[in-house]
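One-letter residues, chain by chain:
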Amino acid sequence: MVSGRLRRALHALGPAMAQVAGPEGLRASLGAVAGLGLAALLLVPRADLHLALVMIAPFGATAVLVFAVPNSPLAQPWSAIIGNSVSAVVAIAVVKLVPGAAVAAPLATGLAILAMGLTRSLHPPGGAVALTVALNPAVIGEVGFRFALAPVTLGTAALVIASIVYTRATGRKYPFRQIDASSPQGTADRPAMERVGLSEAELRGLLTEFRQSTNLGVEDLARLVVGAELRRAGHQLGGLSCADIMSRDLVTVLPEAMRAEVAALFSAHGFTSLPVVAGDGDYLGAIFQIHLIRDAGAATAAALMARDLPAVSLGTPAAALLPLLAEGEVDAVPVLRGNEIVGITTRTDLVAAMASRLAARGPAG
């Protein structure tokens, strides 16, 4: 009994996070180097090193958040810039009013947390900013509230700007917190997958109820809920693979095919997509009907086609198609054997497979 409790206690002290993948860790570390380097370039030449702390330690903590966990609510631009700046202003006021670091340090940090909460800008490094200010009363006495502007606000803004550029350049998205006001089609309707889930108000309510609003944003929670629903729906497909549901009798075009030929094939067959293949049969890309509308100046299949599309293999579970086809960005997913296209799977194929499985199971109960 005792050993069991001890084992559970020791287990609770272990790591709670999944191991960070090597490439992701390297991406974050290089971003932090670039961001802090930019902050140094902006701040050091303008600062009197005898009067101000220039590269303050809290910048390191801010860099961890904005580069390593850019999806966190605590890392978003408002939280980072306003959180650090408000904390600096509050702490400077405390230092000017309260003598002695022993009292000023805890008071400044506590009031900074309160100020960040009131301004919806909770950012953990803000507490470190307040403590840095409180522990350097001599410097703050000379610099005053200018310290909040530079280095705090300017340095934090440099890190945020660097993260916006760097994360997008390396395949991530930052900022990443707000739910879009409209659908990708420019209408007031939410995307299809979001219409069958929980509303934004319900998601916010869940985050508040479970006290997770500082750890997870509404958009990320929505993505997790949709992902779980897709995974559950995928269970309906059982052991089916893409080879089981794909269309095999393919109509393809060569890259040099003219626009009129592509349009005629769409009209004749009623397809939503046409694969483009090279003369040796290698798959090159696909043309969707929307390409004919959007790319009015494209004269050939090579100019019309999209190249960087998701593709699957014959053995890929059919359930893996759900997130690819449900979001609306692609109408079909090619099935490849090496570089050769051997089939194509569409939303129609997926819906038919799911309907067949549901019908085979019969009515519930």
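Look a little higher up for the structure.
In this text, all values refer to a predicted model and were calculated from it rather than measured experimentally. Numbers given for residues are sequential positions, taken from 1 along each chain in its written order. Confidence filtering applies because this is a predicted model: local features only for residues at pLDDT of at least 70, side-chain atom pairs given and counted only at 80 or more, and all residues used for totals across whole chains, interfaces and linings. Note that the side-chain values use all heavy atoms of the structure and ignore hydrogens as well as water.

(A) Quick look at the nonpolar core. In this structure, F67, V133 and F147 are the most contacted members of the largest nonpolar core, which totals 37 residues. If near-sequence neighbours (up to four positions away) are discounted, F67 is found in contact with R27, A28, G31, A32, G35, L159, A162, S163 and Y166. In this structure, L322, V333, L336 and I344 belong to the second largest nonpolar core, which totals 27 residues. To define a nonpolar core, start from buried Ala, Val, Leu, Ile, Met, Phe, Trp, Tyr and Cys residues and group those joined through side-chain atoms within 4.5 Å. Think of it in three bands: with a 1.4 Å probe and only protein chains considered, a residue is buried below 20% of the maximum accessible area for its type, exposed above 50%, and partly exposed in between. Any two residues whose heavy atoms approach within 4.5 Å at even a single point are treated as in contact.

(B) Focus on the environment of A115. Each helix is a run of H or I in the DSSP string that is no shorter than four residues. Each strand is a run of E no shorter than two, and both are numbered from the N terminus. Among the structural elements, A115 can be located in helix α5 (residues 101-118). Using a relative accessible area of 13% as the deciding quantity, one classes A115 as buried. Separated by 29 residues in the primary sequence, A115 and V86 place their C-alpha atoms 6.8 Å from one another. Apart from residues no more than four positions distant in its own chain, A115 is found in contact with V86 and V90.

(C) Local environment of the packing of helix α2 (residues 22-43) against helix α3 (residues 58-68). The N-to-C vectors of α2 and α3 enclose an angle of 135°; their axes lie 9 Å apart at closest approach. The angle between the axes of α2 and α3 places the two elements in the oblique class. Between α2 and α3 the crossing geometry is right-handed. Within the contact between the two elements, α2 uses E24, R27, A28, G31, A32, G35, L36 and L43 and α3 uses F59, G60, A63, F67 and A68. Classifying every residue of the contact of α2 with α3 by side-chain character gives 8 nonpolar, 3 polar and 2 charged. Only the contacting stretch of a helix is used when fitting its axis, a line to C-alpha atoms as for every element, and angles between N-to-C directions run 0 to 180 degrees. Angle categories are assigned with fixed cut-offs, so that under 35 degrees is roughly parallel, over 145 is roughly antiparallel, 65 to 115 is roughly perpendicular, and the rest are oblique. Throughout, a crossing is termed right-handed when the near helix is turned clockwise from the far one, and left-handed when it is turned anticlockwise from it by less than a right angle. Three classes are used, and their members are as follows: Ala, Val, Leu, Ile, Met, Phe, Trp, Tyr, Cys and Pro are nonpolar, Asp, Glu, Lys and Arg are charged, and the others, Gly among them, are polar.

(D) Just the packing of α3 against helix α6 (residues 125-134), in detail. With their axes 8 Å apart at the nearest point, α3 and α6 run at an angle of 175° to one another. Viewed along their axes, α3 and α6 adopt a mutual orientation that is roughly antiparallel. Contact residues: α3 offers P58, A61, T62 and L65, while α6 offers P125, A128, V129 and T132. Class assignment for the residues of the contact of α3 with α6 results in 6 nonpolar, 2 polar and no charged.

(E) Seen up close, the pairing of strand β2 (residues 283-288). Of all the 6 residues making up β2, 5 are buried; the element is thus mostly covered by neighbouring parts of the structure. Pairing between strand β1 (residues 273-277) and β2: 5 bridges, direction antiparallel. Considered in β2, the bridge of S273 is made with F288. Paired strands, in this sense, are two strands between which DSSP finds at least two bridges.

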